[in-house]
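# Notes for the structure review
Below are the chains, spelled out letter by letter.
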Amino acid sequence: MRTWCIANQKGGVGKTTSTLAIGACLAERGFRTLMVDLDPHASLSRWLEVPEDPPPPGVFELFADVPPPLVTLATPSGQPGLDLLPGQPGLATLERQSATRQGLGRALVRAFAGQHRYDYALLDCPPTLGVLMVAALAAADALIIPTQTEPLALHGLNAMLRTAEMVQRSRRAPVPVRIVPTLFDKRTRAAVDSLGELRNRHGEAVWDEEIPVDTRLREASRQALTPSSLGASARGASAYMRLTDWLVTADLKAAADAPTRGSTP
């Protein structure tokens, strides 16, 4: 199972939308895909109308000393080949627990070891640096950073890259970084200038296209639809289809070049 961490320490940049859109595109291409909602606010779970009260079993159980199999916690998304591990409010308690419980930062590495039901796991992270993001980065085969094309978002990207470097040093294995420009509005000078700065600073790590501002993506959220269900005629959905192809191609190359890791059997 290949694990992609979708993270940014700035909120509102399209992490949850990207997780669902990429997950749906992977499933359409025949990959068995699991989305993991690591945010205590559970926006991804709410998008897919997972009941909020009582919260179902989900991600919190992965942080047990002996985590249950993923298949026992996953719930269907409504799209064939695409499952969800729901987020729960209890995830917010893990930060306090980390002071007295050793090894929470490696919890997802342990939980994913030996899992063969899925081809890909997509980890939708909260926009804060803490045990949940660290655990996701520790288990990741790639870090995908959705980055809004505006000046403040570039500062958030720099913070995310510093966090990734810190986790890489502790786990002694590289995490390939893929930067995805999101919410791009070509009509504004700020967006155009920010995109140019993003490409100049980070080069080939940046996808050579952009996810445009598309109100139909918000409509998909309101109707509990996956973005890809809007069809290729929707600008945002078609951009995510091309992005997924780029990510898969890059990941296949990285998997072929990298040594086998215990977290990705």
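Residues numbered from 1 in each chain as written. Predicted model: local features only at pLDDT ≥ 70, side-chain atom pairs only at ≥ 80, totals over all residues. Heavy atoms only, no water.

### Considering the confidence of the model for the protein chain
On average, the protein chain scores 89 in pLDDT, and the residues at 70 or more come to 91%. Residue range residues 261–265 is modelled with pLDDT below 50. Its contacts to residues more than four positions away, or to other chains, number 18 contacts. (pLDDT = per-residue confidence, 0-100. Contact = heavy atoms within 4.5 Å.)

### Quick word on the packing of helix H7 (residues 151–171) against helix H8 (residues 189–202)
It is the contact of H7 with H8, at a shortest axis distance of 9 Å, that shows an interaxial angle of 25 degrees. Judged by the angle between their axes, H7 and H8 are roughly parallel. Note on packing geometry: the crossing formed by H7 with H8 is right-handed. From H7, Pro 151, Leu 154, Leu 157, Asn 158 and Leu 161 reach across to H8, where they touch Ser 194, Glu 197, Leu 198, Arg 201 and His 202. Its residues assigned to classes, the contact of H7 with H8 shows five nonpolar, three polar and two charged. (Axes fitted to C-alpha atoms, helices over the stretch in contact; angles between N-to-C directions. Helix = DSSP H or I, 4+ residues; strand = E, 2+ residues; numbered from the N terminus. Parallel < 35°, antiparallel > 145°, perpendicular 65-115°, else oblique. Left-handed = near helix turned anticlockwise from the far one by under 90°. Nonpolar A, V, L, I, M, F, W, Y, C, P; charged D, E, K, R; others polar.)

### Thoughts on the nonpolar core
By size, the foremost hydrophobic cluster in this structure holds 45 residues, and its most contacted members are Leu 38, Leu 62, Phe 63, Leu 108, Phe 112 and Leu 143. It is helix H6 (residues 131–139) that contributes the most residues to this core, eight residues altogether. Aside from chain neighbours lying at most four places away, what touches Phe 63 is Leu 38, Leu 91, Leu 94, Arg 101, Leu 104, Ala 107, Leu 108, Leu 132 and Ala 135. Counting residues in each nonpolar core, the second largest holds 18 residues, with Tyr 120, Leu 217, Tyr 240 and Val 248 among its members. (Core = buried A, V, L, I, M, F, W, Y, C linked by side-chain atoms within 4.5 Å. Buried < 20%, exposed > 50% of the residue type's maximum accessible area, 1.4 Å probe, protein only.)

### Points about the pairing of strand E7 (residues 177–182)
Within E7, five of the six residues are buried, which leaves the element mostly enclosed by the surrounding structure. When strand E6 (residues 142–148) meets E7, the two strands line up parallel, connected through six bridges. By the bridge assignment for E7, Thr 147 is matched with Pro 181. (Pairing = 2+ DSSP bridges.)

### Some remarks on the environment of Arg 101
For Arg 101, the position within the fold is in the loop between helix H4 (94–97) and helix H5 (107–112). We classify Arg 101 as partly exposed; its relative accessible area is 24%. When the C-alpha atoms of Arg 101 and Asp 65 are compared, they prove to be 9.7 Å apart, with 36 residues separating the residues in sequence. Setting aside residues no more than four positions away along its own chain, Arg 101 makes contact with Phe 63, Ala 64, Asp 65 and Leu 94. A polar side-chain atom of Arg 101 sits 2.6 Å from the main-chain carbonyl oxygen of Phe 63. A distance of 3.4 Å separates a polar atom in the side chain of Arg 101 from a polar atom in the side chain of Asp 65. (Polar contact = N/O pair within 3.5 Å; in protein donor to acceptor, adjacent residues only side chain to side chain.)

### Focus: the packing of aromatic side chains
Taken as a whole, this structure holds two aromatic pairs when the rule is applied. With centroids separated by 5.2 Å and ring planes inclined at 85 degrees, the aromatic side chains of Phe 31 and Tyr 120 adopt a geometry described as edge-to-face. Taken together, the residues Phe 31 in the loop between helix H1 (15–28) and strand E2 (33–37) and Tyr 120 in strand E5 (residues 120–124) connect sequence positions 89 residues apart. Overall, the relative accessible area of 25% leaves Phe 31 in the partly exposed class. Using a relative accessible area of 3% as the deciding quantity, one classes Tyr 120 as buried. (Phe/Tyr/Trp six-rings, centres within 6.5 Å; stacked < 30°, edge-to-face > 60°.)

### Notes on the layout of surface pockets
Gaps between atoms show up when a probe of the same size as a water molecule is rolled over them. Approximately 440 Å³ is the volume attributed to the largest pocket. Taken together, 23 residues form the lining of the largest pocket, with Gly 12, Val 13, Gly 14, Lys 15 and Thr 17 sitting closest to its centre. Contributing elements (two or more residues each) for the lining of the largest pocket: H1, helix H2 (43–47) and helix H9 (215–222). Here the lining of the largest pocket takes four residues from H1, the largest share from any one element. Partitioned by chemical class, the residues of the lining of the largest pocket number 10 nonpolar, nine polar and four charged. (1 Å grid on protein atoms, 1.4 Å probe; cavity = no way out; pocket = protein on both sides within 12 Å on 5 of 7 lines; lining within 4 Å. Points joined across faces, edges and corners; volume = space filled by probe spheres on them.)

### Topic: the environment of Glu 49
Position of Glu 49 among the secondary structure elements: in the loop between H2 and helix H3 (70–73). Residues Glu 49 and Leu 122, 73 residues apart in the sequence, show an inter-C-alpha distance of 18 Å.

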